[in-house]
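Summary of the model geometry
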Amino acid sequence: MAASVGLPSDDLAVQATNDDATSCKRYAVDRGYWKDEFIRYLYRSSEKKSPEISRGYYARVKSIHILVDQFLDRTQQKCQLVTFGAGSDTLHWLLWKRKKLPALHVEVDFPTVTARKSHCIKTRPVLLEALSNPVITMEAIRSDHYVLLPADLRDVKSLGKQLIDAGLDPNLPTLFLAECVLAYVEGAKVNDVIRWTAEHFKTSVFLNYDPINPFDKFGEIMKQNLKSRGCALLGMETCPDSESQVKRYHDNGWEGAWSMDMAEVYARLPRDDVARIERIDFLDERELLDQLLRHYCLSGAHLDSQQLGLDSIKL
Amino acid sequence: MESYGYALSDATTALDIDRTYIKGYYRRASANMALGKFKKALTDFEAVKKARPKDQDAVNKYNQCNKIVHQQAFAKAIAVESSKKSVAESINLDTMVVEETYEGPRWEEGEMAVEFMTGLLDWLKDEKKLHRKYAYKILLRSKEIFEVQPSLVAVSIPDSSDRFTVCGDIHGQFYDLLNIFTLNGLPSQDNPYLFNGDFVDRGSFSVEVILSLLGFKVLYPDHFFMSRGNHESINMNQMYGFEGEVRAKYSQQMWDLFTEIFNWLPLAHLLQSRVLVTHGGLFSRDGVKVSELVDIDRNRQPPEEGLMCDLLWSDPQYIPGRGPSKRGVGVQFGPDVTEEFCSTNGIDLVIRSHEVKEEGYEVAHGGKCITVFSAPNYCDQMGNKGAFITLSTDLKPQFTTYEAVPHPKRKPMQYASPLFGLLS
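Residues numbered from 1 in each chain as written. Chains lettered and ligands numbered in written order. Predicted model: local features only at pLDDT ≥ 70, side-chain atom pairs only at ≥ 80, totals over all residues. Heavy atoms only, no water.

Our next topic: the overall build of chain A. Across its full length, chain A carries 12 helices and nine strands. Expected size for 315 residues packed as a compact globule is a radius of gyration near 20 Å; at 18 Å, chain A falls within 12% of this value. Seen along its three principal axes, the alpha-carbon backbone of chain A occupies a region of about 50 × 40 × 40 Å. A total of 315 residues make up chain A; the buried ones form 59% of that total. Put simply, 76% of the contacts in chain A that link residues at least 6 apart link residues at least 24 apart. Accessible surface computed for chain A: about 12500 Å², of which carbon and sulfur atoms make up 51%. Computed over 41 positive and 45 negative side-chain charges, the separation of the two mean positions in chain A equals 4 Å. (Helix = DSSP H or I, 4+ residues; strand = E, 2+ residues; numbered from the N terminus. Rg over C-alpha atoms; globule rule 2.2 N^0.38 Å. Buried < 20%, exposed > 50% of the residue type's maximum accessible area, 1.4 Å probe, protein only. Contact = heavy atoms within 4.5 Å. Areas by Shrake-Rupley, 256 points an atom, 1.4 Å probe, with all protein chains shown as cover. Lys, Arg positive; Asp, Glu negative; His and termini not counted. Charge placed at Lys NZ, Arg CZ, Asp CG, Glu CD.)

The following block contains the structure:
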């Protein structure tokens, strides 16, 4: 099942990245970096993480939430959300709590991951109560506004069909979210997904968070560390910097693409909240954070056939 | 003088008979106040306040008492540090038994032998643990050495050697420390060393590093020097791994002893009266004399400002003058500050550490302020080189740089290593 291009990559290792991310998010939430009353139902409390890790995740989560909110506001929630590689993400429940759900939210991930999430949701009333008329199977969930979809991003034909079967309406404005997912998939297949979404959803936004700048010393070490975990950043080699991130969107049918590294994102987050989180854990070496932030980016693009002003969705 | 004790028992008896006897509560509370039992008094004043909410006197008394209770709690909290009994006094080496089966280095009678240290380095390299008895012995002995030293230690390059090596931050990177000894030779009377703080935290082998360094201090007290870094403090050790590592490998008690030893580490060294070596850097004000540094009362946690704080926390900046530290503690000092300090004190050079540098070192302030950082590929992430400085009797610095060496796969203490950075 491992992809054949470049370094070998183990699907299970990629799926385990969800655990790592959620573990870091859980710790940050427990420390008070942001509020998420649902993450504890999806992931046990975890060991201490160093301050730069918590701050980095704060920047990632906060920026994505801000942009999702902008999209929901601009479309007055008459829209759809698709989260690729959703893992243990709690966004749906956070939106539900704030009464800001889109008309439909589809979460996509490998069957082993969706199976775990499905089981979690089924057995935890706090999560279950957010779903209306849920039909829950081993690996999938259908409900009025939420679908948990087991699928493989690398098979875009099948993925596309499943997304439409799940109830996605190409006429509704749709936000596609890929938080640290695309980098694990080989370049050609990522292009397929980006192109498919552009071809079928003419009023939409695509957002991705991914590692970049793999060619410096930090990047070398990053790749080595990952290699020893059986995980290869197949997609990163083809899209290693802001320019190529933007170009990939434009080459595959999107418009108005932008890309900024997380240092820039961090600088654009609301200052008073950043000041608040910087007081939580004292960071002894700022350069560690800066270096991390420079090696990840947030990128996006849009298509706006209904002229909703989706180009304004930016930090 | 009223017999408060009797008043107390009278009131209590009355209250036993009649729980609603408000005067009783009042009397008992007053008696307790007079006896200094403020917490107890507070409970009774609260009862009076509840029963007589409109009674201004009752409310006032309650508020007064409450204030005192809070003040006392605060005073107790800040007094804990100075009045705590030394952990060192409570450790009895004689009662510690070393099992027959222990195959590691031993130090029983007499002075520490060189073979103990060489054996220790090999033992630790194989990820084995030094027996706690010998660990405690090293700690206790090193504490005795440090606590009689001034806060600024004057060092001369011994006649027996022709050089002196200064190393910067190690941060628990034990295998890189071993590499320094491979490149530059083991410490000895002919090969003196100064380690300039931040021995622990972040790296996974902080215990091994600190035991080795303190061991060499015990072995060569006049040829091996250690200076305190900002990471030799409770807050940093709790956040960045050292406390967790000591608790996991040894015990809470040993961690307590480490905090005492760190409190006694000197804050700076002056080599041949001409080179100042300290972890952070120079000061928030002009006119600081080296003699002031000698007398700093250092047996404490680093304060948030002042000379001791600056020594452990400040950073050089390229532009003249001073600026607020980007770290939020200490100050940033420009080339003019270095120049002023050096000329005031007849000093040629300031060597400091505290900041990671890509090449392991950086020369700034026209050659008068040098940063040396000895932990390569810091945090398994930064890809930087490490460096150390060798000074011969002419005190001209020579730099040796090196890359990181492999180490056993061990995630940093208490931190799961996320797959990498912010990935996944």
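Within this structure's numbering, the places UniProt gives as "active site" (unreviewed entry) are His231 of chain B. Topologically, His231 of chain B is positioned in the loop between β4 (224-226) and α9 (234-240). Each residue touching His231 of chain B, except ones within four places of it in the same chain, is listed here: Asp284 of chain A together with His171, Asp198, Val200, Asp201, Met236, Asn237 and Tyr240 of chain B. (UniProt positions renumbered as here; feature names shortened; annotations may be inferred.)

Residue and element names in this part refer to chain A. Per the counting criterion, the structure on display carries five cavities of 30 Å³ or more. Put simply, the largest cavity is a space of about 620 Å³. Gly85, Ala86, Asp109, Glu179 and Val181 are the residues nearest the centre of the largest cavity, which is lined by 43 residues in total. Secondary-structure elements contributing two or more residues to the lining of the largest cavity are α1 (11-31), α2 (51-74), β1 (80-84), α3 (91-97), β2 (104-109) and β6 (174-179). No other element matches the eight residues that α1 contributes to the lining of the largest cavity. Among the residues making up the lining of the largest cavity, the classes are represented as 22 nonpolar, 12 polar and nine charged. (1 Å grid on protein atoms, 1.4 Å probe; cavity = no way out; pocket = protein on both sides within 12 Å on 5 of 7 lines; lining within 4 Å. Points joined across faces, edges and corners; volume = space filled by probe spheres on them. Nonpolar A, V, L, I, M, F, W, Y, C, P; charged D, E, K, R; others polar.)

Glancing now at the pairing of strand β13 (residues 386-392) of chain B. Residues and elements named next belong to chain B. Among the seven residues of β13, six are classified as buried, and the element is accordingly described as predominantly covered. As paired elements, strand β2 (residues 163-167) and β13 share five bridges and run antiparallel to each other. Pairing of Phe164 across the sheet is with Leu391, part of β13. In this sheet, strand β14 (residues 397-402) lies alongside β13 in antiparallel orientation, the contact comprising six bridges. Within the sheet, the bridge partner assigned to Phe388 lies in β14 and is Thr400. The antiparallel pairing of β13 with β14 creates a hairpin that spans four residues between the two strands, and Leu395 there sits at a positive phi of about 60°. (Pairing = 2+ DSSP bridges.)

We now examine the sheet that holds strand β4 (residues 141-142) of chain A. Residues and elements named next belong to chain A. Pairing in this open sheet of nine strands is mixed, and the strands run β3-β4-β5-β2-β1-β6-β7-β9-β8 from one edge to the other. The sheet is open, and its two edges are formed by β3 (135-136) and β8 (255-261), each paired on a single side. Both β8 and strand β9 (residues 296-304) contribute to a ladder of five bridges, which runs antiparallel. Each bridged residue has a counterpart across the sheet, and for Glu255 the counterpart in β9 is His302. Strands β1, β6, β7 (203-211), β8 and β9 of the sheet are contacted by α2, whose axis makes an angle of about 175° with β6. (Axes fitted to C-alpha atoms, helices over the stretch in contact; angles between N-to-C directions.)

What follows concerns the UniProt feature "binding site: S-adenosyl-L-methionine" (unreviewed entry) in chain A. Residues and elements named next belong to chain A. Here, UniProt's "binding site: S-adenosyl-L-methionine" (unreviewed entry) annotation points to Arg60, Gly85, Asp152, Leu153 and Glu179. Spatially, the listed residues are scattered: they cover 120 residues, and their C-alpha atoms lie as much as 24.1 Å apart. From the list above, the largest cavity is lined by Arg60, Gly85, Asp152, Leu153 and Glu179. On the secondary structure map, Asp152 appears in the loop between β5 (146-150) and α6 (156-165). Exposure remark for Asp152: the relative accessible area of 26% places this residue in the partly exposed category. At a separation of 2.9 Å, a polar atom in the side chain of Asp152 contacts the main-chain amide nitrogen of Arg154. Structurally, the position occupied by Glu179 is in strand β6. On the basis of relative accessible area, Glu179 is assigned to the buried category, the value being 14%. Setting aside residues no more than four positions away along its own chain, Glu179 makes contact with Lys25, Arg60, Ile64, Phe84, Asp89 and Tyr209. (Polar contact = N/O pair within 3.5 Å; in protein donor to acceptor, adjacent residues only side chain to side chain.)

Turning next to the interface of chain A and chain B. On the side of chain B, 32 residues touch chain A, which itself brings 37 residues to the contact. For the pair chain A and chain B, the summed buried area comes to about 3200 Å², and 60% of that belongs to carbon and sulfur atoms. For the chain A face of the interface with chain B, the top three residues by lost area are Lys48, Phe282 and Asp284 of chain A, together amounting to 22%. Measuring nitrogen to oxygen at the nearest pair gives 2.9 Å for the salt bridge that ties Asp284 of chain A to Arg202 of chain B. Our count for the chain A to chain B interface comes out at 11 residue pairs in polar contact (both at pLDDT 80 or more). Counting only elements with at least two residues in the side of chain A that touches chain B, the list comes to α1, α2, β7, α8 (217-227) and α12 (286-294) of chain A. (Buried area = accessible area lost by both parts, 1.4 Å probe. Salt bridge = Lys/Arg side-chain N within 4 Å of Asp/Glu carboxyl O.)

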